[in-house]
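One letter stands for each residue in the lines below.
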Amino acid sequence: MIFSVGDGLVATDRDGKILLMNPAAEKMLLQNAQEVIGEDYIETVPAADKDGQIIPSEKRPLLAVLKQGKSFTNHSANYYVRKNGSKFPTAITTSPIKYQNSIIGAIITFRDITHEKEVDRMKTEFISLASHQLRTPLSAIRWFVEILQNGDAGKLNKQQMELLGDIYQSTKRMIQLVNDLLNISRMETGRIIIDPKPTHLGQLLEEVLKELKPKINSKKQRLIISYHPDLSKINIDPNLIRAVYLNLLLNAIKFTPEYGEITVIISRKGNDIVSQITDSGWGIPKNEQRKIFQKFYRGSNIIKKVFEGTGLGLYLVKSIIEASKGKIWFESGENKGTTFWFSLPVSGILPKKGDVSISP
Amino acid sequence: MESKKPTVMVIEDEHLLLKAIERKLRLNNLNVIACESGTQAIENLNKKTAPPDAIWLDYYLGDTTGIEFMKKLRQNAKWTDIPVLVISNSANPEKVSAMIALGAKDYLLKANYRLDTLVSKIQSLTITKK
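Residues numbered from 1 in each chain as written. Chains lettered and ligands numbered in written order. Predicted model: local features only at pLDDT ≥ 70, side-chain atom pairs only at ≥ 80, totals over all residues.

Colleague: Pulling in residues and values, what's your account of the overall build of chain A?
Modeller: In terms of regular secondary structure, chain A is built from 9 helices and 13 strands. Long-range pairs, those at least 24 residues apart, make up 63% of the contacts in chain A with a sequence separation of at least 6. (Helix = DSSP H or I, 4+ residues; strand = E, 2+ residues; numbered from the N terminus. Contact = placed C-beta atoms within 7 Å.)

Here it is in structure tokens:
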């Protein structure tokens, strides 16, 4: 069986010496199964990191697996080095072999993921290219409408201005849709950069609110903010969490009628910092509440009142919070308002390499 | 002569966008050198004795990319001081940081801005240069 599987398979003893190498592994690594028996696996099969640097032996997972008895899978772009020195990207799982509660060796299975990586790269490139392509005509429509609205091509009557206003709104919505879809595909493919920095959430909130002030003022809404000035800084990605505040606050503003009230409270609860965003708006109908984090969901009670919105904001918010090791929950009553809470761990999160960041 | 008006070179391969930008810049009392490709822009720069006061640069151009264009621009001493504003619909962090490192003043996402806003940004660049 071991000899007919397509994945590479190597078994070692508890010192990491090779006991067995199957033909698939032989082929991928260009090794000779007979010759390598008894050799040190880590020395025989060097591994390289994402940048092609050889991983020092003490950092190879095999040692930890043999010591701790837990299996280990790398999903990142690690490379194995063949006997001739060339490298190939590989997905590797290292598992302990246990006998009567003691670790007697390890099994390493791996496969060549050159093709997957290529497909993945093509997909990312396609998304980026498609969004670029869509944004170009959208920019043109937007800018020409602006030129007309400004009266740069002659004065327009009231009705013409109104119709242009409708075109403008639809165009901006389409632009937002492209931006949201792009951000979502970035989150979904896990290619997003997470770059944590010590961040004071109160300050981050103030920055976002500064941007939103004109919108709040134009709806004559009352804004109440409360956070402790000595709130400890936490290590999160400010860019991502900014998008969370922005989306939740934009929703609060949009779905709250004029003269309504929006409250934001940030406080520490145990090992978390919890942000609360409450509005006195139209709320989410009870029977739709389980759907609110789904893509393209928009409340049936607001769909005829509010024309902006893509139905992607909360989905994105949830993806970001989950990637930041936090939680999000809400309470809502129709015509009473909605409260969202999200928590972020005080301990912060670890950075993650990627190749894209979120766009506004 | 219109020599007192600041001159902006616009490099944008999308004909309709170029048309909108050109129109708006002229309305704001700026001279415009409209270029639809990197090659056309370099040819134009070579012809002129006085460099433009600012460059409005798209990233993906038919014949070159923003990075290649910036590198060329930085090779000629006469052109190194021209402020460049990159306005593109494709802005991943790698591109942005590469362009800023090459001396671009800012890198903005086209679809997210009003044309007015972008025009006043380039206008302020022509002033700071003076």
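Colleague: Residue-level account of the nonpolar core, with values.
Modeller: As a rule of thumb, nonpolar side chains are buried together in soluble globular proteins. Counting 38 residues, the largest nonpolar core has Val8, Val10, Ile11, Trp56 and Val86 of chain B as the members making the most contacts within it. Sorting elements by how many residues they give to this core places helix H1 (residues 15-27) of chain B first, with 5 residues. Setting aside chain neighbours within four positions, we find Ile11 of chain B in contact with Cys35, Gly38, Ala41, Ile55, Trp56, Leu57, Asp58 and Leu61 of chain B. Within the second largest apolar cluster, 33 residues are counted, among which are Leu240, Ile277, Leu314 and Ile320 of chain A. (Core = buried A, V, L, I, M, F, W, Y, C linked by C-beta atoms within 7 Å. Buried ≥ 20, exposed ≤ 12 C-beta atoms within 10 Å, placed from the backbone.)

Colleague: Which residues make up the pairing of strand S5 (residues 87-99) of chain A, and what values do they have?
Modeller: Residues and elements named next belong to chain A. Sheet analysis places S5 next to strand S6 (residues 102-112), joined by 10 bridges and oriented antiparallel. Pairing of Pro96 across the sheet is with Ala106, part of S6. The hairpin turn running from S5 into S6, its antiparallel successor, is 2 residues long, and Gln100 in that turn takes a positive phi close to 50 degrees. (Pairing = 2+ DSSP bridges.)

Colleague: Pulling in residues and values, what's your account of the environment of Val264 of chain A?
Modeller: Position of Val264 of chain A among the secondary structure elements: in strand S10 (residues 261-269). Apart from residues no more than four positions distant in its own chain, Val264 of chain A is found in contact with Leu205, Ile225, Gln276 and Ile277 of chain A.

Colleague: Describe in detail the interface of chain B and chain A, supporting the description with residues and values.
Modeller: On the chain A side, the residues contacting the 21 residues of chain B number 20 residues. Looking at the side of chain B that touches chain A, the element that brings in the most residues is H1 of chain B, giving 6 residues. Residue composition of the side of chain B that touches chain A, by class: 10 nonpolar, 4 polar and 7 charged. (Nonpolar A, V, L, I, M, F, W, Y, C, P; charged D, E, K, R; others polar.)

Colleague: Hey, could you go over the sheet that holds strand S3 (residues 54-57) of chain B for me, with residue numbers and the actual values?
Modeller: Strand pairing in a sheet relies on backbone hydrogen bonds, with the paired strands running either antiparallel or parallel. Residues and elements named next belong to chain B. Reading across the sheet, the 5 strands line up as S2-S1-S3-S4-S5 and stay open at both edges, with parallel pairing between neighbours. Each edge of the open sheet carries a strand with a single partner, namely strand S2 (31-35) and strand S5 (106-109). Across the sheet, the mean angle separating the axes of adjacent strands is 20 degrees when strand polarity is ignored. Strand direction decides the pairing type here: S3 and strand S4 (residues 84-88), joined by 3 bridges, are parallel. Bridge assignment links Ile55 to a residue of S4, and that residue is Val84. Strands strand S1 (7-11), S2 and S3 of the sheet are contacted by H1, whose axis makes an angle of about 170 degrees with S2. (Axes fitted to C-alpha atoms, helices over the stretch in contact; angles between N-to-C directions.)

Honestly, it's all geometry; don't read function into it.
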